[in-house]
Amino acid sequence: MQKLKTPRASEPNKPGCLKYGATVFCALGASIYLIIALTGYGLTDTSVRPLLFVLSGIMIAVIIIIWRPRSKKAAEHQTIYEAPPSDEISEDLFPLKALEDDSAEPLVSYISNGRTTWRADGQELTDEDVAYLRQSSWEKARQYYENSPNPKFHRSFDEHMAQSQFHTANAEYIDKLEQDIWLPNLYNFNSVDEAITHAQKALISAQELAEYCSKTSIGQQYFEDMWLHAHNSQNPDFSFIDKIKERYKDLTLNYEERKHDFAVHQKRQAFLQIADDEVLKVIQDNPAILQKDLHKQFDPDLKPTIGTAVSHLVKADKITRIKHGSTCELYPK
């Protein structure tokens, strides 16, 4: 494995050859355009002088932009630490440490929240930092795929090309079936019956697609890699079809319970539209009410929404919270 080049601590941001080259090109161009515009040397049509002044100004502006100091905020957002493919990224900060080399100079450490990365020593990110972080992110992703138990990450180039050609040749039929094979959030549906109908349709389409793809070995491989070897941050290799089957089984075997869950969810969603006003009214009628007792003034099914409403009211500066043991007293403002 190629060793990553480690940036030095507090090393200045050195301009590259491209930056110098662009500066020289723009400076020469601006000078030539300006001289011709002022002297008229070589011009047969003096009406182009204003255009030459504009071109000269543009090149000068480019030089200014190239050499304009970067703000710390812009530098921080220039580099995003790319973790292995995942559906969710943790908000917890975690340190990134540069790989060691043979130099005695101190190494650079980085801090990342999953989206933005900055230097632990407070210095601005340099171009070398950016290059190192990009390379280390690529290396991390490469190792993730190489060590994955998922067989689709270990296909040969020819196999990937064959799968792509298979899909292209049969795209109209395949895409029509695959539009039905998906698993949205359960509460995106209006009822349990609607969710069951969707699962049934998805499984029927999956069966038809499996039969169609099984006619050739590369088609079978396409179906397996696409639907039987899915992956996310929690599971590197799972069957998407099995997930749909599990939902269908749960909804049908626990129909009444899931029907009740849907009703409660819809009740909470409706209450959230007026929750802030309703909770504020209770606090106004009951100054110093304890937050832990606030939910008792409402339908028990609405308990999870009360804390959300309190947070909204605090942010809107409509109520005050005063510590009282393990809870808080609530007062209107």
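Draft legend 1. Just the sheet that holds strand β4 (residues 289-290), in detail. What the three strands build is an open sheet, ordered β4-β6-β5; its pairing is antiparallel. Of all strands in the sheet, those bounded by a partner on one side alone are β4 and β5 (319-324). Where β5 lies against strand β6 (residues 327-332), six bridges are found, and the strand directions are antiparallel. Looking at the pairing, Lys323 lines up with Cys328 of β6. Relative to β6, helix α11 (residues 275-285) is tilted by about 90°, and along the sheet it contacts β4, β5 and β6. In the packing of helix α13 (residues 303-315) onto the sheet, contacts are made with β5 and β6, and the angle to β5 comes to roughly 115°.

Draft legend 2. Structural detail: the packing of aromatic side chains. Taken as a whole and assessed by the stated rule, the structure comprises eight aromatic pairs. With centroids separated by 5.9 Å and ring planes inclined at 20°, the aromatic side chains of Tyr110 and Tyr132 adopt a geometry described as stacked. One end of the pair, Tyr110, is in strand β2 (residues 109-112); the other, Tyr132, is in helix α4 (residues 127-147), and 22 residues separate them in sequence. Accessibility assignment for this pair places Tyr110 and Tyr132 in one class, buried. Every member of this aromatic cluster is reached through a ring pair, and the members are Tyr144, Tyr145 and Phe153. Over the ring of Phe238 we find Lys243, and its NZ or CZ is 5.5 Å from the ring centre.

Draft legend 3. Local environment of α13. Burial in α13 covers these residues: Thr305, Ile306, Ala309, Val310 and Leu313. Each buried residue of α13 lies within a common arc of 145° when the element is viewed along its axis, so the set occupies one face. Each element contacted by the buried residues of α13 is listed here: α10 (255-272), α11, α12 (291-294), β5 and β6.

Draft legend 4. Examining the nonpolar core more closely. Counting residues in hydrophobic clusters, the biggest one holds 16 residues, and the most contacted among them are Val279, Ile283, Leu294, Ile319 and Leu330. Looking at this core, the elements that each hand over two or more residues are α11 and α13. In terms of residue count, α11 provides more of this core than any other element does, five residues in total.

Draft legend 5. Region of the structure containing unusual backbone geometry. Within the chain, Ala288 stands out as a residue other than glycine whose phi angle is a positive 75°. Tracing the sequence through the fold places Ala288 in the loop between α11 and β4. A positive phi angle is found at Asp317, which is not glycine, with a value near 60°. By secondary structure assignment, the location of Asp317 is in the loop between α13 and β5.

Draft legend 6. How the structure looks around a nonpolar patch on the surface. Residues Leu51, Val54, Ile58 and Val62 make up a contiguous nonpolar surface patch of roughly 330 Å² in combined accessible area. Counting through the fold element by element, Val54 comes out in helix α2 (residues 49-67). Of the residues examined, Val54 reaches a relative accessible area of 48% and is grouped as partly exposed.

Draft legend 7. Fine view of the pattern of salt bridges. Enumeration over the complete set of coordinates arrives at 15 salt bridges. The partner of Lys201 in a salt bridge is Asp180, with the nearest N and O atoms 3.8 Å apart. Of this pair, Lys201 sits in helix α7 (residues 192-213) while Asp180 sits in the loop between α6 (171-178) and α7, placing them 21 residues apart in sequence. Salt-bridge contacts for Arg258 lead to Glu257; the nearest nitrogen and oxygen are separated by 3.4 Å. We classify Arg258 as buried; its relative accessible area is 16%. One salt-bridge network, in which partners are shared between bridges, spans Asp250, Glu257, Arg258 and Asp261.

Draft legend 8. Spatial organisation of the pairing of β2. Because side chains alternate across β2, one face comprises the buried residues Tyr110 and Ser112, and the other comprises Ser109 and Ile111, none of which is buried. Here β2 folds back onto strand β3 (residues 117-119), and the loop between the two strands holds four residues, one of which, Gly114, carries a positive phi near 100°.

Draft legend 9. Quick peek at helix α9 (residues 240-253). Compared with an ideal rise of 1.5 Å per residue, which puts 14 residues at 20 Å, α9 spans 20 Å between its outermost C-alpha atoms and is within 8% of the ideal. Buried residues in α9 make contact with α7, α8 (217-228) and α10. Between the side-chain oxygen at the start of α9 and the backbone nitrogen of Ile241 there is a gap of 3.4 Å, and the oxygen is on Ser239.

Rules used throughout
- Residues numbered from 1 in each chain as written.
- Predicted model: local features only at pLDDT ≥ 70, side-chain atom pairs only at ≥ 80, totals over all residues.
- Heavy atoms only, no water.
- Pairing = 2+ DSSP bridges.
- Helix = DSSP H or I, 4+ residues; strand = E, 2+ residues; numbered from the N terminus.
- Contact = heavy atoms within 4.5 Å.
- Axes fitted to C-alpha atoms, helices over the stretch in contact; angles between N-to-C directions.
- Phe/Tyr/Trp six-rings, centres within 6.5 Å; stacked < 30°, edge-to-face > 60°.
- Buried < 20%, exposed > 50% of the residue type's maximum accessible area, 1.4 Å probe, protein only.
- Lys NZ or Arg CZ within 6 Å of the ring centre and 35° of its normal.
- Arc of directions from axis to C-beta.
- Core = buried A, V, L, I, M, F, W, Y, C linked by side-chain atoms within 4.5 Å.
- Patch = residues over 30% accessible without salt bridge, like charges linked within 9 Å, V, L, I, M, F, W, Y side chains within 5 Å.
- Areas by Shrake-Rupley, 256 points an atom, 1.4 Å probe, with all protein chains shown as cover.
- Salt bridge = Lys/Arg side-chain N within 4 Å of Asp/Glu carboxyl O.
- Expected span 1.5 Å × (residues − 1).
- Polar contact = N/O pair within 3.5 Å; in protein donor to acceptor, adjacent residues only side chain to side chain.

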